[in-house]
Amino acid sequence: MDKIIIKGGKKLKGEIVISGSKNAALPIIVSSLLTEGWNTVYNVPDLMDVRTIKRLLVGLGVKVEEGENLRINAGSITNCEASYDLVKTMRASILVLGPLVARMGRARVSLPGGCAIGARPVNLHLKALQALGAEIELRDGYVEAKASRLKGAKIYFDISTVTGTENIMMAATLAKGTTVLGNAAREPEIINLSSVLNDMGAKITGAGTDVITIEGVESLSPVEARVIPDRVEAGTYMIAAGITGGDVTIRGCDPRHLDVPIEKLKEAGVKITPLEGGLRVKGSKGIRSVDIKTLPYPGFPTDLQAQMMVLMSAAEGISVITESVFENRFMHVNELIRMGADIVIEGNSAIVKGVKKLRGAPVMATDLRASASLVLAGLAGEGKTELSRVYHIDRGYERIEEKLSSLGADIRRVRE
Ligand code: EPZ
């Protein structure tokens, strides 16, 4: 397994370009299952999770052509099963369930199982698919679903779920009649998917609000789709600039997707100015503590919680960080404490007391965003940080060590 070695203390300076959003690319790639013919997807990031979803589609008989952009043809689906060995490496594989039932009338998808940040059940996906008329059985760790034709229904999600909203929105595009999703997730990735589906011929309104209406159609046609920039990658590099006292221009991000993180970073003393097609982010000496509570979009994103905790660890004062989306998303805390952070967990809140300096140390990544936070801590910390289990970070950050090196960081990857 690879390791990332960082020598901390360098101020990041320069310009980077943000890649396409992992969490927008995955559902858009899956949505090609609803069409026959060649779809082209632009701005797809080169990430392990994207390679996994492509492998999964190929296993279903879908043609996938790599090149300057991604081309996908689901004209002849020969298999409707997503196996455990693939699904266990990436929970977002559950996204094939709705489209397969809608297009093929059946699907057999492994239950994802838990992950480091929580149990992450898919009960809401299944309950909603049943409401659309699918017969659902759980057998041998798999979801077996079938429906001759899905029927539109009024659905209310007890919890705002991103992939649940995406799964059901895709399934409902080919249902007979109209579906209304209440308490739908409002993330920008949902709007991106909805506009791609509408380009395919779907009739979706309300994406981006908590009520999405889908009027079922008979079939959908292949399209050219473009993935929006990755707001979590952008937020991570903004925090990197803030914590190293650097001066970084972040190109290609969409600041409208980062309203709350930008407000919080400004409150903490990070200077952020909008530029044509991006943002300029300058760290400052006295980073101030701010309180954070993660919430579904447009609230503070849970995917930036760990990264913000690192900034607060190096701030002046005490910050309370409350994780309200996942039940176990503090796996980075113990590793940060080993780097000199002063953090105490009380229930689903972390009390973070700023320290003068973080210190480099050998640390271990546990999940995608926790590993990004440990890279940030290594950049800011004195001395050397050795991050193991780097495969976690490769799931969601394209060429992270190249992008950081181009900003002057002393960071390299070593193959073990
Ligand atoms: C998506 O995960 C993202 N992944 C996650 O990003 C992100 O952290 C999360 O949304 C929240 O924003 C992708 O888009 C591929 P949820 P998802 O369903 O859809 C509970 C990253 O780092 N829930 O919105 O799986 C669930 O346990 C990843 O890029 C149920 O109880 O998250 C959680 O507490 C990590 N039953 C809450 O809802 C269900 O059926 C929100 O989860 C579904 C969800």
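Residues numbered from 1 in each chain as written. Predicted model: local features only at pLDDT ≥ 70, side-chain atom pairs only at ≥ 80, totals over all residues. Heavy atoms only, no water.

Quick word on the pattern of salt bridges
The full count for this structure, using the stated rule, is 28 salt bridges. Across the salt bridge formed by D2 and R415, the nearest N and O atoms sit 2.5 Å from each other. A residue pair is termed long-range when its members are at least 10 positions apart, and D2 in strand β1 (residues 2-7) and R415 in strand β24 (residues 410-415) qualify at 413 residues. With relative accessibility at 17%, the residue D2 sits in the buried group. (Salt bridge = Lys/Arg side-chain N within 4 Å of Asp/Glu carboxyl O. Helix = DSSP H or I, 4+ residues; strand = E, 2+ residues; numbered from the N terminus. Buried < 20%, exposed > 50% of the residue type's maximum accessible area, 1.4 Å probe, protein only.)

Looking at the site of the ligand
If you check the shell around the ligand, you find 21 residues, and the closest are N123, T161, T163, D303 and V325. Contact between the ligand and N123: a nitrogen atom at 2.7 Å from a side-chain N or O atom of the residue. The separation between an oxygen atom of the ligand and a polar main-chain atom of V162 is 2.8 Å. Against a free-state accessible area of 820 Å², the protein chains account for coverage of 88% of the ligand. (Near = heavy atom within 4 Å. Polar contact = N/O pair within 3.5 Å; in protein donor to acceptor, adjacent residues only side chain to side chain. Areas by Shrake-Rupley, 256 points an atom, 1.4 Å probe, with all protein chains shown as cover.)

Overview of helix α8 (residues 231-243)
Note: α-helices contain 3.6 residues per turn, so residues at a spacing of three or four share the same orientation. For α8, spanning 13 residues, the distance from its first C-alpha to its last is 18 Å, which sits close to the expected 18 Å at 1.5 Å a residue. Taken across its 13 residues, α8 has 13 buried, putting it largely inside the fold. Positive backbone phi, approximately 65 degrees, marks G245, located one or two places after α8. (Expected span 1.5 Å × (residues − 1).)

Some thoughts on the nonpolar core
L33, L97, L129 and L150 are the most contacted members of the largest nonpolar core, which totals 75 residues. Looking at this core element by element, the count peaks at 6 residues for helix α1 (residues 22-31). Once you skip the residues sitting within four places of it in the chain, L33 turns out to touch L57, L60, V62, A74, I77, V96, P99, L100 and R103. Listed in part, the 66 residues of the second largest apolar core include L12, I287, I321 and A361. (Core = buried A, V, L, I, M, F, W, Y, C linked by side-chain atoms within 4.5 Å. Contact = heavy atoms within 4.5 Å.)

A short note on the environment of V217
Take V217: it is sitting in the loop between β13 (211-215) and β14 (224-226). For V217, a relative accessible area of 11% gives the class buried. Remark: the alpha-carbon pair of V217 and A175, spanning 42 residues in sequence, is separated by 6.8 Å. If we skip the residues at most four places from it in the chain, V217 touches R149, T173, L174, A175, G201, A202 and K203.

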